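Chain residues, written in single-letter form:
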Amino acid sequence: MLIFVRNRKPITLSNYKSDLKFALELDQNDALKSYRNQFHIPKDKRGNELIYMTGNSLGLQPKQTKSYVNQELDDWANLGVEGHTDAKNPWLTYHEFLTESMAKVVGAKPIEVVVMNTLTANLHFMMVSFYQPTKKRYKILIESDAFPSDKYAVESQLRHHGFDDQEGLILWKPRKGKELLNYQDLETILEEQGEEIALILIGGVNYYTGQFFDLKRITILGHKYGCKVGFDCAHGAGNVALNLHDCGADFAVWCTYKYLNSGPGSLGGCFVHERHAFKKDLNRFTGWWSHNKQTRFNMRGEFDQLSGAEGWQLSNPPILSMAAIKASLDMFHQVGTEKLIEKSKKLTDYFEFLLNELGEDTIRIITPKNSEERGCQLSIQVKNADKSLHHKLTESGVISDWREPDVIRCAPVPFYNSFEDVYRLVEKLKLILNE
Ligand SMILES: *Cc1c(COP(=O)(O)O)cnc(C)c1O
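As the structure is a computational prediction, the values presented were derived from the model and not from experiment.

Tallying secondary structure elements over the protein gives 13 helices and 15 strands in all. The principal-axis extents of the C-alpha atoms in the protein amount to approximately 70 × 60 × 40 Å. Relative to its 435 residues, the protein shows a buried fraction of 55%. A separation of at least 24 residues holds for 68% of the contacts in the protein among residues at least 6 apart in sequence. When the accessible area of the protein is evaluated, it comes to approximately 19,900 Å², of which 50% is carbon and sulfur surface. Averaging the positions of the 53 positive and the 56 negative side-chain charges in the protein gives two centres separated by 2 Å.

Spelled out as structure tokens, the structure:
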């Protein structure tokens with residue numbers, strides 16, 4: 001891994017240094033450094049900026065979000081219902097303002113992407129279309145450490161169709177003593193039970209280990225056995241290059257409040273592959289927003305299915321939430337996902353370097369070492385630690401995430417975290433561990 005700093009010899013992992021000066025130098029030479037100032041960084045009681053490492057849970061607020069939301073509040077105040085057509089950003093077509101940027105962020109075509117509902121709701125709506133079990137093929141395969149909401153969702157789908165939620169659920173498990181999943185084990189499962197599996201649903205980036213899966217490989221494998229393949233990209237969108245169109249998955253869902261910085265509980269994103277865009281007879285739940293836009297307001301007659309991912313919408317959407325998403329996506333559009341990912345790799349490589357200096361007796365990084373198999377998050381197992389460690393870290397001004405029994409998840413986000421943040425975090429961890 002090479003990091004080029006202007007007018008200097010290239011910095012490689014082997015000549016990383018573990019002092020503050022080096023961190024400040026990396027910040028100096030960071031082409032994206034000015035973006036940190038475009039976010040609100042949370043502060044402690046004395047007004048000092050916190051070291052915020054939980055952008056994987058709730059992304060920070062861009063300073064421009066307020067004006068985007070205010071625009072819609074003003075138009076609503078001044079125009080009432082006429083805002084649907086006369087607002088600066090007419091509400092009737094508001095979701096379309098998000099489509100192109102969102103498609104870029106996840107590597108899809110505009111026809112494949114829509115912003116609507118929330119993540120788990122979208123997951124269910126996708127399963128209405130892409131989980132159509134038969135007596136012979138009805139099982140659902142997920143990763144054993146799937147996010148709880150995904151597990152509950154697929155279990156309830158199994159029950160909804162009259163199947164046993166234990167017998168019908170197949171778990172892709174790590175090998176004994178490991179945390180990461182192995183593709184050979186997935187191949188074995190498919191060789192043995194592929195004909196019985198209706199749907200493979202995998203988290204694009206696992207929320208716990210930070211493992212970024214090879215979406216294309218999983219999709220090709222699943223399709224070979226006739227399974228539908230979908231991904232939950234909650235931890236992938238805005239974090240890694242998902243290339244959803246290219247990977248060929250049938251569908252994907254994600255949220256916008258993690259790496260997409262669009263505010264607590266904001267709307268979700270949904271991808272349906274182009275090959276399904278014009279299948280009007282595909283089973284689905286519909287509402288007036290799934291109806292052909294040209295004749296939607298005739299409010300009469302036969303239902304006319306809208307094509308593309310938009311055709312899965314049900315309701316007219318919440319504009320205030322979409323305004324916050326637009327504020328964020330405009331920033332992603334301005335910077336470009338490639339640039340963000342490039343910085344992200346440097347930031348996390350540097351983080352890994354500093355952690356490794358602590359020594360293997362102290363910590364172990366669960367997340368893959370290969371930067372192509374992870375995003376910005378590192379999941380750190382701390383030997384002999386309990387929750388008091390996390391408490392002390394929080395006291396010292398670090399916002400991180402604790403997972404029982406002994407894992408801290410930290411996600412330095414390229415948009416607003418600095419190399420200095422990473423340096424200071426590891427210093428604080430060191431101090432606490434040496435106590
Ligand atoms: C964050 C997250 C969710 C949350 O679902 P909501 O419906 O937005 O509450 C679901 N799945 C995964 C993998 C997540 O990371």
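On to the pattern of salt bridges, then. Under the counting rule described, the total for this entry stands at 26 salt bridges. Notably, a salt bridge pairs Lys-280 with Asp-304, separated by 3.7 Å at the nearest N-O pair. Of the two residues, Lys-280 is situated in the loop between β10 (268–272) and α10 (319–335) and Asp-304 in the loop between β10 and α10; the sequence distance between them amounts to 24 residues. A relative accessible area of 48% places Lys-280 in the partly exposed class. Here Asp-304 falls in the partly exposed class, since its relative accessible area comes to 28%. Salt-bridge contacts for Asp-401 lead to Arg-409; the nearest nitrogen and oxygen are separated by 2.7 Å.

Right, let's talk about the site of the ligand for a bit. The environment of the ligand is formed by Leu-119, Thr-120, Phe-147, Asp-150, Asp-232, Ala-234, His-235, Tyr-257 and Lys-258. One of the side-chain N or O atoms of Asp-150 is found 2.9 Å from a nitrogen atom in the ligand. Between Lys-258 and the ligand, the recorded distance is 2.5 Å, taken from a side-chain N or O atom to an oxygen atom. Protein chains shield 83% of the accessible area of the ligand, which is 400 Å² for the free molecule. Looking at the shell around the ligand residue by residue, the classes come out as four nonpolar, two polar and three charged.

Taken together, the side chains of Leu-73, Trp-76 and Leu-320 define a hydrophobic patch exposed on the protein surface, amounting to about 300 Å² of accessible area. Take Leu-320: it is sitting in helix α10.

The UniProt record annotates "modified residue: N6-(pyridoxal phosphate)lysine" (unreviewed entry) at Lys-258. Note on placement: Lys-258 falls in the loop between β9 (251–255) and β10. Assessed through its relative accessible area of 7%, Lys-258 is described here as buried. Apart from residues no more than four positions distant in its own chain, Lys-258 is found in contact with Gly-55, Asn-56, Ser-57, Leu-58, Gly-59, Phe-147, Ala-234 and His-235.

Pairing in this open sheet of four strands is antiparallel, and the strands run β11-β12-β15-β14 from one edge to the other. Of all strands in the sheet, those bounded by a partner on one side alone are β11 (363–365) and β14 (401–403). Mean inter-strand twist for the sheet, computed between neighbouring axes without regard to direction, equals 30°. Bridge count between strand β12 (residues 378–382) and strand β15 (residues 407–410): four bridges; the pairing is antiparallel. Looking at the pairing, Ile-380 lines up with Ile-408 of β15. Against the sheet, helix α11 (residues 337–357) contacts β11, β12 and β15, and its axis sits at roughly 10° relative to β12. Here helix α12 (residues 387–395) sits on the sheet in contact with β12, β14 and β15, set at roughly 180° to β14.

Structurally, the protein comprises domain 1 (2–60 + 338–433) and domain 2 (95–316). For domain 1 and domain 2, the distance between their C-alpha centroids amounts to 30 Å. Listed by partner, the interface residues are 27 residues for domain 1 and 18 residues for domain 2. Together domain 1 and domain 2 conceal approximately 1,800 Å² of surface at their shared face, both sides included; 53% is due to carbon and sulfur atoms. Inspection of the domain 1/domain 2 interface yields one salt bridge. A salt bridge links Arg-364 to Glu-179, with the shortest nitrogen-to-oxygen separation between them at 2.8 Å.

What counts and what doesn't
- Residues numbered from 1 in each chain as written.
- Predicted model: local features only at pLDDT ≥ 70, side-chain atom pairs only at ≥ 80, totals over all residues.
- Heavy atoms only, no water.
- Helix = DSSP H or I, 4+ residues; strand = E, 2+ residues; numbered from the N terminus.
- Buried < 20%, exposed > 50% of the residue type's maximum accessible area, 1.4 Å probe, protein only.
- Contact = heavy atoms within 4.5 Å.
- Areas by Shrake-Rupley, 256 points an atom, 1.4 Å probe, with all protein chains shown as cover.
- Lys, Arg positive; Asp, Glu negative; His and termini not counted.
- Charge placed at Lys NZ, Arg CZ, Asp CG, Glu CD.
- Salt bridge = Lys/Arg side-chain N within 4 Å of Asp/Glu carboxyl O.
- Near = heavy atom within 4 Å.
- Polar contact = N/O pair within 3.5 Å; in protein donor to acceptor, adjacent residues only side chain to side chain.
- Nonpolar A, V, L, I, M, F, W, Y, C, P; charged D, E, K, R; others polar.
- Patch = residues over 30% accessible without salt bridge, like charges linked within 9 Å, V, L, I, M, F, W, Y side chains within 5 Å.
- UniProt positions renumbered as here; feature names shortened; annotations may be inferred.
- Pairing = 2+ DSSP bridges.
- Axes fitted to C-alpha atoms, helices over the stretch in contact; angles between N-to-C directions.
- Domains from an automatic or database assignment.
- Buried area = accessible area lost by both parts, 1.4 Å probe.

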